[in-house]
There are 4 protein chains.
Amino acid sequence: MGTGIESSTSNIFQTLPANKPLFDPLLMDLLPKNDNNIYQQRLEQIIYRLKTSNNFNKAAKEIYPVAATSSSIVVEMVVGKDHVNNKGTLHGGQTAALVDIVTSRAVAVTHKNIPMSSTDLSVSYFLPAKIGENLIITATVLKVGRTMAFTEIEFRRQVDDALIAKGKHNLAFLPIPQDKMENLGPYY
Amino acid sequence: MGTGIESSTSNIFQTLPANKPLFDPLLMDLLPKNDNNIYQQRLEQIIYRLKTSNNFNKAAKEIYPVAATSSSIVVEMVVGKDHVNNKGTLHGGQTAALVDIVTSRAVAVTHKNIPMSSTDLSVSYFLPAKIGENLIITATVLKVGRTMAFTEIEFRRQVDDALIAKGKHNLAFLPIPQDKMENLGPYY
Amino acid sequence: MGTGIESSTSNIFQTLPANKPLFDPLLMDLLPKNDNNIYQQRLEQIIYRLKTSNNFNKAAKEIYPVAATSSSIVVEMVVGKDHVNNKGTLHGGQTAALVDIVTSRAVAVTHKNIPMSSTDLSVSYFLPAKIGENLIITATVLKVGRTMAFTEIEFRRQVDDALIAKGKHNLAFLPIPQDKMENLGPYY
Amino acid sequence: MGTGIESSTSNIFQTLPANKPLFDPLLMDLLPKNDNNIYQQRLEQIIYRLKTSNNFNKAAKEIYPVAATSSSIVVEMVVGKDHVNNKGTLHGGQTAALVDIVTSRAVAVTHKNIPMSSTDLSVSYFLPAKIGENLIITATVLKVGRTMAFTEIEFRRQVDDALIAKGKHNLAFLPIPQDKMENLGPYY
């Protein structure tokens, strides 16, 4: 990683210093290496942290990073028995939980990894997804302002790209005094 | 339970026959007895089923029934470590999961316990709720039509009635052939 | 109006000075007098301004003030030919326009009359309302924070209180330098 | 227009018979001719009808057809003095009204032109649009089921493609007896 990228990192992504590992170094070693895409590195770090979560974030512990750009992240997940309702299809509450978790990681990865809180979340449900089906989940940051971020997310069936659900999520950045900003730990 | 109530039950709540227990009879014995309020009985049955769930419905396994009327149900929950985000406050995804699960139980309890699927869900978040705080959650059925049900839900802090979050959830009833309707098992 | 009320007014409602009429004084004379309820006075002033609007606010020019408290306002409207769709019932777009206009007036009347902009708006539609029907519209401010206000609104048929539509509207206060705040004109 | 296209038309778009003009034939003559794209022809017919509306549809009387495919329509509009708020920028209520009107035309043009009613509508607002700015508005039909249609819409500034607002709109098809379906007039 060159000097140019590092300095852009410290501007855009000030709370994720390169030399401060986000999680257990053993897990780090399992990560695919991708020195050319800083967004993808952050995505991998942030998503892998979910694997060891013991709070509600474990609702996303089975998502895997696919790709990241300057405005969006892509993850995938196979629908498992923990994710479904009594009909054996992806639970609307699981989908909504992923809307929250994945879109906020998209903001952290592509814009700012500072404390934020949800203001509004919504989901529309189009098709059921059965146990065993692979979902491709794309979260896009539509706008990041001074105090808020606006995101959206699509859940598609991998086999045929059919739209399963679509959601949006607005987040407010929590006010942080400028002098605290320097020493802020990584948020997610 | 008298004949009058039974016949009203078979009209309004056709898929929840009195003689077909919803769950483990041992759990049944733990339920408070309330012979006068059919809605409250159904609420207790439906909510207690969540306790033994091993699919995503376990996201609501710690809610407890409080009250039920012909149009709404009230449940409560103490915010625990499984429900929170990295800041130690109620996770937006947990809230959204409860919007889905509790409002659909409100439709099942007060109107029709037949298969339904979510079409739209949304939540606005107003205040954080910390671990140990008791939440009073009220789900109201705003309209039940031929093919859809419209609901809303409020999460309030028990200690001072402060509004934590508010959501809505639209559900579509799945089409069931009339001859199948007679033998339909309870849905939730 | 006593000194106490005036000083509380200048705190809560700083941009609506009592001695600066909001609109044509002739219209003022038509207003019902209510010296005891500062919120109702503001409601009447703010709503009557809409009558002479020549921008999109004229979509609300036929609403009339009913009541106001410290957290909500109530207005009424008879469904007219300008408000309907090709079926002759209240147009969903008209309803949505009123969600925007009436809830933002509720914030101005009950909390702060400073520049704000919408971040999110939504409506659910329950029942049609025909030409000639009288609607009672209640907008409630759920939360006002440092940078945002959260509101909701109900449209009910006056004759039987049936719920026609329900919406919500989040608004962001525009940042105003403190020294400009003193001389800010009334916003709506 | 060949036989193949006509028969596909009568299946997909049964209520818009080719030989029954939707509006004043004089206006028809002003339409650009495009014999190869049935969707674009329908878009032009449906949008031009709005020009002479004297109900709330006149909120969309200044939109112009741009393009149509089998799943989406594109229209444009210059922000005028009738469309703005007191700050002189596109009124949130005008945007919401267009969400309703344009997305329902997208369903009529690309799928079914039969009576429908809104169930849910929402909008997120990202940037102000000033008087004189040209907006490109794209409405996409995400799913059409037996009883419902799900749509979304984007408002972009023409000059730089910046996202001004994004909305969604769910509609329910009104139940029509099969024998009435044959003689149904065009809906919009």
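Residues numbered from 1 in each chain as written. Chains lettered and ligands numbered in written order. Predicted model: local features only at pLDDT ≥ 70, side-chain atom pairs only at ≥ 80, totals over all residues. Heavy atoms only, no water.

Going by the annotation in an unreviewed UniProt entry, the name recorded for chain A is Acyl-coenzyme A thioesterase 13, with Acrobeloides nanus given as the source organism. Comment text from UniProt for chain A, heading Sequence similarities (unreviewed entry), reads "Belongs to the thioesterase PaaI family." Comment text from UniProt for chain A, heading Subunit (unreviewed entry), reads "Homotetramer. Interacts with PCTP." (UniProt positions renumbered as here; feature names shortened; annotations may be inferred.)

(A) Local environment of the sheet that holds strand β2 (residues 72-78) of chain A. Read from one edge of the open sheet, 12 strands run β1(A)-β2(A)-β4(A)-β5(A)-β6(A)-β3(A)-β3(B)-β6(B)-β5(B)-β4(B)-β2(B)-β1(B), paired in antiparallel fashion. The outermost strands of the open sheet, each flanked by one partner alone, are β1 (64-68) of chain A together with β1 (64-68) of chain B. Looking at each pair of strands side by side, their axes are set apart by 20 degrees on average, direction ignored. Here seven bridges tie strand β2 (residues 72-78) of chain B to strand β4 (residues 134-144) of chain B, and the two strands are oriented antiparallel to one another. Bridge pairing links B:Val78 to B:Asn134 in β4(B). Contacting β1 and β2 of chain A, helix α3 (residues 38-50) of chain A crosses the sheet at an angle of about 160 degrees to β1(A). Against the sheet, helix α4 (residues 92-110) of chain B contacts β3 (116-125) of chain A together with β1, β2, β3 (116-125), β4, β5 (148-157) and β6 (163-173) of chain B, and its axis sits at roughly 130 degrees relative to β3(B). (Pairing = 2+ DSSP bridges. Helix = DSSP H or I, 4+ residues; strand = E, 2+ residues; numbered from the N terminus. Axes fitted to C-alpha atoms, helices over the stretch in contact; angles between N-to-C directions. Contact = heavy atoms within 4.5 Å.)

(B) Representation of the packing of helix α3 (residues 38-50) of chain B against α4(B). Residue and element names in this part refer to chain B. At a closest axis distance of 9 Å, the pairing of α3 and α4 adopts a crossing angle of 140 degrees. Classified by the interaxial angle, the pair formed by α3 and α4 is oblique. Of the two possible hands of crossing, α3 and α4 adopt the one that is right-handed. Contacts between α3 and α4 pair Tyr39, Arg42, Leu43, Ile46, Ile47 and Leu50 from the former with Ile101, Arg105, Ala108, Val109 and Thr110 from the latter. Among the residues making up the contact of α3 with α4, the classes are represented as eight nonpolar, one polar and two charged. (Parallel < 35°, antiparallel > 145°, perpendicular 65-115°, else oblique. Left-handed = near helix turned anticlockwise from the far one by under 90°. Nonpolar A, V, L, I, M, F, W, Y, C, P; charged D, E, K, R; others polar.)

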